[in-house]
Amino acid sequence: MQASPHILCVLNPTAGSGIALQRWPKIVALLESFQISYELLAAQDVTPDLQVSRRLEQKGPQSYAAIAGIGGDGTHSAVINGLMRYRAAHADQVLPPYVLMPMGTGNDMAKSFGLTARDDFFVGDLRRAVAAIRYGADYWLDLGCLDGIYFVNALTVGLDSNILREHNRRKHEVAHVPVMRRLLKGNLLYTWCVGLRFWRQKPLNAEIAIDGRPWYTGPIINLVINNTRNYGGEFVICPDAYANDGLLDVVVFTGHTDYLAKYFLAFRNQPRRIHRLAERLNKVSAYARGKLIE
């Protein structure tokens, strides 16, 4: 990277219940300390994917040494979709590298790469995230795609997607109630939504083919197609997932008991022997990898 790189920062002010906006002054100070100049896009009225593609249309990708997404997994997904939107219209152009600054609630993408946004007395990962703009290694990143929309982390069908839909709806509702907004935020709000949706989820009858070959036929209450290793903030349900191997990892949850068992075993802070047990059970029962999932 050049001596004084110029980058585009895409900030989601609502990410992590406002933590991205709170830490922006510290990010600015770190950028200046590394002699990195920047332009700021605050994703508010227009979705980040449209803002990014429009800015690249105006100035061209060669104007930026990198594009930095400042927010959670949703922010990174939206910005990357903006990059892919521009790429589809300008196949001859080379996109600048994408740099992520994890400021969300789950930060699955960042955790999969061993990067967090902790910034306390003992750990200065925020500084490490900014330093990656200048000194970080290039990493080829696979993307999944459904109906022209790209995903970085995962695609879900069934219970997890319904929980997320409930979470997004409740998040907007509690935002208008100050007391509830302070009490129900982050993982606590998500856990509450799990309780609201869990027993209401009915099994689906599924037929799943991977790379043109039948793989699974039967009931499911949840399906996860994973690209990165970390999932749901604190779980590793696809321990062999690598985001640059050209493959997607698939896990089926056949029922409510299976759902609870898999998530209990997949908690990423479990002892290593529990992780090994989870890996064996997954590979025997409901785990596969491939490029095309139907």
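In this text the structure is predicted, and so the values were computed from the model without any measurement.

Student: Help me out: how do you make sense of the pairing of strand β4 (residues 98-102) in this one?
Tutor: For a regular strand, side chains alternate in direction, first toward one face of the sheet and then toward the other. Buried residues dominate β4, accounting for four of its five residues. As defined by bridge partners, strand β3 (residues 66-71) adjoins β4 across five bridges and the pair is classed as parallel. Paired with G69 across the strands is L100, a residue of β4. In this fold, the crossover linking β3 to β4 by way of helix α3 (residues 73-89) has right-handed handedness.

Student: Teacher, can you tell me more about the packing of helix α2 (residues 48-59) against α3 here?
Tutor: Angle between the axes and distance between the axes: these two values describe a pair of packed helices. At a minimum axis distance of 7 Å, the contact between α2 and α3 shows a crossing angle of 40 degrees. Between α2 and α3, the interaxial angle falls into the category oblique. By crossing handedness, the relation of α2 to α3 is classed as right-handed. Across from P48, D49, L50, V52, S53, L56 and E57 in α2, the residues of α3 making contact are A78, V79, N81, G82, L83, R85 and Y86. Residue composition of the contact of α2 with α3, grouped by class: eight nonpolar, three polar and three charged.

Student: How do you make sense of the nonpolar core when you look at a structure like this?
Tutor: Proteins that are soluble and globular tend to have nonpolar side chains buried together. Core analysis: the biggest nonpolar cluster contains 30 residues, and I7, W24, I27, L31, I70 and M101 have the highest contact counts within it. If you list the elements that add at least two residues to this core, you get β1 (6-11), α1 (19-33), β3, α3, β4, α4 (108-112) and α5 (125-135). For this core, the element with the highest residue contribution is α1, accounting for six residues. With 17 residues, the next largest nonpolar core counts F198, C238, A241 and A266 among its residues.

Student: Whenever I open this one, unusual backbone geometry confuses me. Can you help?
Tutor: In most cases, non-glycine residues show a negative phi, while peptide bonds are predominantly trans. Positive phi is not limited to glycine here, since Q35 has a value of about 55 degrees. Here Q35 falls in the exposed class, since its relative accessible area comes to 56%. In this structure, D211 takes a positive phi of about 55 degrees despite not being glycine. The topology assignment puts D211 in the loop between β8 (204-210) and β9 (213-220).

Student: How should the packing of α1 against α5 be read in this particular structure?
Tutor: Their axes nearest at 10 Å, the elements α1 and α5 cross at an angle of 45 degrees. If you check the angle between α1 and α5, you find them oblique. Here α1 and α5 pass one another in a crossing that is right-handed. Taking contact as the criterion, the partners of R23, K26, I27, L30, L31 and S33 in α1 are, on α5, L126, R127, V130 and I133. Along the lines of polarity and charge, the residues of the contact of α1 with α5 split into six nonpolar, one polar and three charged.

Here is what the cut-offs are and how they apply
Residues numbered from 1 in each chain as written. Predicted model: local features only at pLDDT ≥ 70, side-chain atom pairs only at ≥ 80, totals over all residues. Heavy atoms only, no water. Buried < 20%, exposed > 50% of the residue type's maximum accessible area, 1.4 Å probe, protein only. Helix = DSSP H or I, 4+ residues; strand = E, 2+ residues; numbered from the N terminus. Pairing = 2+ DSSP bridges. Right-handed = clockwise from strand over helix to strand, strands pointing away. Axes fitted to C-alpha atoms, helices over the stretch in contact; angles between N-to-C directions. Parallel < 35°, antiparallel > 145°, perpendicular 65-115°, else oblique. Left-handed = near helix turned anticlockwise from the far one by under 90°. Contact = heavy atoms within 4.5 Å. Nonpolar A, V, L, I, M, F, W, Y, C, P; charged D, E, K, R; others polar. Core = buried A, V, L, I, M, F, W, Y, C linked by side-chain atoms within 4.5 Å.

So, to be careful, I would describe these as geometric facts and stop short of saying anything about function.
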